[in-house]
Amino acid sequence: MSVRSLDGVPAGSTSEIQLRGLEKSFRGPDGPIRAVRGIDVQIDAGETVALLGPNGAGKSTTIDMLLGLLAPDAGSVSVFGRPPARAVAEGAVGGMLQTGALIRDLSVRELVAMMASLYPSPLGVQEALELAGIGEISDQRTQKLSGGQTQRVRLAVALVSDPQLLVLDEPTVALDVEARHAFWTTMRAFAARGKTIVFATHYLEEADAYADRAVLIAHGAIVADGPTTEIKAMVGTRTLRATLPGVDVDVLEALPGVSGAERRGEAIVLRCPDSDAAIRALLASHPHARDIEIAAAGLEEAFLRLTGDGDGDGDGARA
Amino acid sequence: MPLAYTRYELLRTLRNRRFFLFSLGFPLILYFAIVSPYRHVRDFDGSGISLPLYYMVGLASFGTMNAMLSSGVRIAAERAVGWNRQLRITPLSPRAYFRVKVLTGYMVALISLLALYAAGTSLGVSLSAGEWLKMTGLILLGLVPFAALGIALGHMLTPDSIGPALGGGISLLALLGGVWFPLGSHGFLHDLAQYIPSYWLVRASHVELGGASWNTMGWAVMIAWTIALGLLAARAYRRDTGRV
């Protein structure tokens, strides 16, 4: 992992982001709601990390604490060796929060310039506009933009500070597929400048495709943390599907190379740590099995397995 | 002081129609409508002050109160769209944020004030340079509690509720302050008005009579309101942002 030296800060233990033992509760109608219950993450400078989890998992609360918007009940946050408030005050952090529209009565260019003026060493306004792909709408008033355009302006606002750490909370929620693709192209270009990027998402394919590493969060705690390939490997790596009526699930589960089995009407779905062994055993014992498919498990399946949410292990493979 | 940020904030405000209507258009139209027929009245309703001057300061108080309190409308709107959270992850400190809001409010108030001065002069208001300066100084000082009130309301109310709240509040403050007619020298309304900050704002017109426009009571009331509303604004901000 690349560890870069920041102004005056020697490369090493301070050139990273650390969340230690974070806890946060909110008052709810039925007593306190424990939104975050013990999150420990260390992110190296230059990494792109996805905080992945369903809605209500505690991602936004964690991000608010990372940005210093919310004080943790317990635990600590360190951004490049500094408290978040100091890193923010020094202009080292850029963020795109989950909720948010734009203030009105300014052109896109004026708004980005207004925000750039707050930072010690911002990007050029034109550069930020082009990075975010909004050069053509720069003279439009902020209150007259579409949802997708607004989102790109918010991105330009986050980028113009030229931050060391860029934090994005569900940045592509309002975007269509094409805009989402364009968004991540921009993000990759920004990451290539050696920036650290932390983004929250519940789009599994986003974490899979764009993050070096995924931190899976459910019910306020981390359920897995590693490269997306490793997370997939942690769970049954392949899914075997076949049409096979009249065979008991228990029998199938007992086959070599199979860790779990499920029946869906006439079809069966087997979770296979060793799919080669499983297919041989299946055809040996049940030669009438047909329509056989073997597929690698997506991150979504891994996610459902790890968090224990959702009923079917194979739901994620539909896409 | 984030000057560039303040410049854009002022630009936004000047592009807003509400500003022109309440801080500038409304007071100017009323001024000409009320004063034109009575421009030669030298002693308005026993106040000892000429009618063009009385209403010039009265309506300037109305316009500048609006200008200062409209920072609350902008704060409420910024909160509603999450912009204040966006600002909290920039190097702009809360103090600097408030300085921007107050300074913008004052610049808008100054525009409103100068427009009323021009209108007043066109209808015969004539003061010495020293009187103009003293009156302007008193009005600008008298707006301090309104700056704090704008910030407090901006953090307590929603964009939907702040409009009616300010509309009603400013009407009441204008009435009790004597914007529409002098409150006399005794009686319930006069006694009550002594405790209202807008009363002392309107009293800035007393420069024409010579002497101190604000007596000890005036200074004490203004300082008390400034402290009370300043504390309220700080509290509202902390509650709103969850800061300790």
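Just so we're clear, the structure is a prediction, and the values are computed from it rather than from any experiment.

What counts and how
Residues numbered from 1 in each chain as written. Chains lettered and ligands numbered in written order. Predicted model: local features only at pLDDT ≥ 70, side-chain atom pairs only at ≥ 80, totals over all residues. Pairing = 2+ DSSP bridges. Helix = DSSP H or I, 4+ residues; strand = E, 2+ residues; numbered from the N terminus. Contact = placed C-beta atoms within 7 Å. Nonpolar A, V, L, I, M, F, W, Y, C, P; charged D, E, K, R; others polar. Buried ≥ 20, exposed ≤ 12 C-beta atoms within 10 Å, placed from the backbone. Axes fitted to C-alpha atoms, helices over the stretch in contact; angles between N-to-C directions.

## Section: the pairing of strand β10 (residues 238–243) of chain A
Residues and elements named next belong to chain A.
- Bridge count for β10 against strand β12 (residues 267–272) is 6 bridges, and the pairing is antiparallel. The partner of Thr 239 across the bridge, within β12, is Arg 271.
- Summarising the sheet, β10 and strand β13 (residues 290–296) pair through 5 bridges and their orientation is antiparallel. By the bridge assignment for β13, Arg 241 is matched with Glu 293.

## Quick word on the interface of chain B and chain A
- Each partner contributes residues to the interface: chain B has 20 residues there, and chain A has 23 residues.
- Elements with a minimum of two residues in the side of chain B that touches chain A: α1 (3–14) and α4 (83–88) of chain B.
- The greatest single-element share of the side of chain B that touches chain A, amounting to 5 residues, is contributed by α1(B).
- Class assignment of the residues belonging to the side of chain B that touches chain A gives a composition of 10 nonpolar, 5 polar and 5 charged.

## A word on unusual backbone geometry
- The residue Asp105(A) is not glycine, and still its phi comes out positive at about 70°.
- A count of 20 C-beta atoms within 10 Å places Asp105(A) in the buried class.

## Some remarks on the pairing of strand β8 (residues 213–218) of chain A
Residue and element names in this part refer to chain A.
- Of all the 6 residues making up β8, 5 are buried; the element is thus mostly covered by neighbouring parts of the structure.
- The sheet contact formed by strand β3 (residues 48–52) and β8 spans 4 bridges and is parallel. The residue of β8 that forms the bridge with Ala 50 is Ala 214.
- As defined by bridge partners, β8 adjoins strand β9 (residues 221–226) across 5 bridges and the pair is classed as antiparallel. Residue pairing in the sheet places Ala 218 in a bridge with Ala 221 of β9.

## Some points on helix α1 (residues 59–66) of chain A
- The element α1(A) is largely enclosed, with a buried count of 8 among its 8 residues.
- Among all positions in α1(A), only Lys59(A), Ser60(A), Thr61(A), Thr62(A), Ile63(A), Asp64(A), Met65(A) and Leu66(A) are buried.

## Thoughts on the sheet that holds strand β2 (residues 31–44) of chain A
Residues and elements named next belong to chain A.
- Overall, antiparallel pairing links the 3 strands, which are arranged β2-β1-β4 in an open sheet. Of all strands in the sheet, those with a lone pairing partner are β2 and β4 (74–79), marking the two edges. For this sheet, the mean inter-axis angle between neighbouring strands, taken without regard to orientation, is 25°.
- Note: strand β1 (residues 16–28) against β2, 11 bridges, orientation antiparallel. From the neighbouring strand, Lys 24 faces β2, where its bridge partner is Val 36.
- Across the sheet, α1 is in contact with β1, β2 and β4; its angle to β1 comes to roughly 120°.

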